[in-house]
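# Results of the structural survey
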Amino acid sequence: MHALTDFTFPGIADIGNAVFTAHLQQLLDNKTKPSGALGRIEALALRIGQVLGTSAPVLVRPQLLVCAADHGLAAHGVSAFPREVTAQMVENFLAGGAAVSVLARQHGLQLTVVDCGVARDFADSSSAPPGAPRLLVRKLAAGTRDACAGPAMTAAECAQALANGRDIVCELPGNALLLGEMGIGNTSAASLLLARLADLPLAECTGAGTGLDAAGVERKRAVLQRALDANPQAATPLSALAALGGYEVATLVGAVLQAAAERRVIVVDGFITGAAVLVASRIAPAVLQRCVFAHRSGEHGHHLMLAQMQAEPLLDLGLRLGEGSGAALAWPLLQSACALLREMASFAAAGVAQRGPSSFRVEHNNLM
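## Quick word on the overall build of the chain
Helix and strand content of the chain: 14 helices and six strands. The globule rule puts the C-alpha radius of gyration for 368 residues at 21 Å, and the 21 Å found for the chain is close to it. With the principal axes as the frame, the chain shows a C-alpha extent of 70 × 45 × 40 Å. Burial analysis of the chain (368 residues in total) assigns 55% to the buried set. Taking all contacts inside the chain whose residues are at least 6 apart in sequence as the whole, residues at least 24 apart take part in 77%. A total accessible area of about 13900 Å² is found for the chain, and carbon and sulfur atoms account for 54% of it. Across the chain, the centroid of the 27 positively charged side chains sits 5 Å from that of the 29 negatively charged ones.

## Digging into unusual backbone geometry
The phi torsion at Asp 199 lies on the positive side, around 55°, for a residue other than glycine. Its location among the elements puts Asp 199 in the loop between α6 (186-198) and α7 (202-205). For Gln 310, which is not glycine, the phi torsion reads 50° and is therefore positive. The residue Gln 310 is located in the loop between α12 (302-308) and α13 (325-343) in this model.

## With respect to the sheet that holds strand β3 (residues 134-137)
The six strands are arranged β3-β2-β1-β4-β5-β6 in an open sheet whose pairing can be described as parallel. Of all strands in the sheet, those bounded by a partner on one side alone are β3 and β6 (291-293). When the angles between neighbouring strand axes are averaged without regard to direction, this sheet yields 25°. Across four bridges, the pairing between strand β2 (residues 110-117) and β3 is parallel. Each bridged residue has a counterpart across the sheet, and for Thr 112 the counterpart in β3 is Arg 134. Where helix α11 (residues 271-283) meets the sheet, it contacts β4 (176-182), β5 (265-268) and β6, and its direction lies at approximately 120° from that of β4.

## A few points about the side chain of Arg 134
Here Arg 134 shows up in strand β3. In this structure Arg 134 is buried but unpaired, with Glu 171 as the nearest side chain of opposite charge at 6.0 Å.

What counts and how
- Residues numbered from 1 in each chain as written.
- Predicted model: local features only at pLDDT ≥ 70, side-chain atom pairs only at ≥ 80, totals over all residues.
- Heavy atoms only, no water.
- Helix = DSSP H or I, 4+ residues; strand = E, 2+ residues; numbered from the N terminus.
- Rg over C-alpha atoms; globule rule 2.2 N^0.38 Å.
- Buried < 20%, exposed > 50% of the residue type's maximum accessible area, 1.4 Å probe, protein only.
- Contact = heavy atoms within 4.5 Å.
- Areas by Shrake-Rupley, 256 points an atom, 1.4 Å probe, with all protein chains shown as cover.
- Lys, Arg positive; Asp, Glu negative; His and termini not counted.
- Charge placed at Lys NZ, Arg CZ, Asp CG, Glu CD.
- Pairing = 2+ DSSP bridges.
- Axes fitted to C-alpha atoms, helices over the stretch in contact; angles between N-to-C directions.
- Salt bridge = Lys/Arg side-chain N within 4 Å of Asp/Glu carboxyl O.

Here it is in C-alpha cells:
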C-alpha cells in the first residue's frame, strides 16, 4: 500500500429498520414489568437486537482487542509515565496481571493484544492455548514520528495499519468486539483528533491523561498546539488520523470498520478507543449504529467526544485507565440485556394482568 486511497473500506450498510425496531420495542413493552421500568437496559437490549437482527440475541465468543503502540510526542513529556511503560504493560497484559487481564478472565473474554508499533520487539504468540491472552505482531515501526515536526505516520503506514485492523477482525470469531488500547502518549493523539475533527478548542479537549499535574497539563497543551500547527493540511478523517494519530488508533479504526461491516456489537471503552470510533464514524456514519459506549471517562474532553457521536455511555465511574477495562466492566450489562429480551415472559405468556398504556417510553435513539 502506498496511499490512504489504497485502503479498501468494507461496505457498512444502514441497519435502521423502523418495522423491526417497532417489533423489538413492542416485545420489551409487553414484558412483565411497567413499561420502561428497566430503564436504559431496555434501550441496550433494543440496540443489541438491532445490531444482530434478532429478537433473541445471544452474544457469542466475545473478543477483547487491545492495540498497543508508542508515540513520538511522548518525548515532549506529555505523559506522567516514561515511554518504556508501553512495552512493560504489554508484558503485563500477557502475564495476566493487568486490570483488563483480570476482567477478561472474570467475564470469559478472549484477550488479544496487538503490537502495532511498540518500541520493543515481542514474539508472536497467536497460537496460545484457547482462553489465554495472545499477542499478534503487526508492528509498523518502533513508535510514530513526532507530530510537532510533521505527520506522525506516512500515508502508507496509516493505510497498512487500517488494513491490519481489518484483517485481524476478519480472523476473530464471535459477534462482539470490545475495544482496548495501550500507548504512552495516546491521550494526546486522541485530544488532537477530537480538536481537529470536531473543530473544538484544544484546551477543552486536553486533560491530565495518566496523571499530569496542572503545570504538566499546560505543557501538554502547548506541545499539542505545536502539533496542530505543524499539520494544517490534515483536515479529513484519514489525513488527520495519519498526521495526528497513532499506529494503535489507526489499527483500531480498521478493526471498527470491519466489525461494523460484519454487524458485530462494538463495545467502545474510553477516550482513545472513542477517538478511533470518531474517525471511523466520520468515514462511515452507520458505524455508530453498531456501537455500545461503555463508560464516561474521567479524562477531560471525553464528554465532548461522546457528544460528537450523540452517545450516552452505560457507566460513569470516573475511570481513566484505558486498556479496555471500562468495556470489560460494562460487558455483564450487555449479557443481562440480551437475556432479558430473550427470556423474560410477556404479560400474556405469564398470565399477568397488564395495566393500560403508559405515557412513559424509553428513548432508544443514540443512547449507546
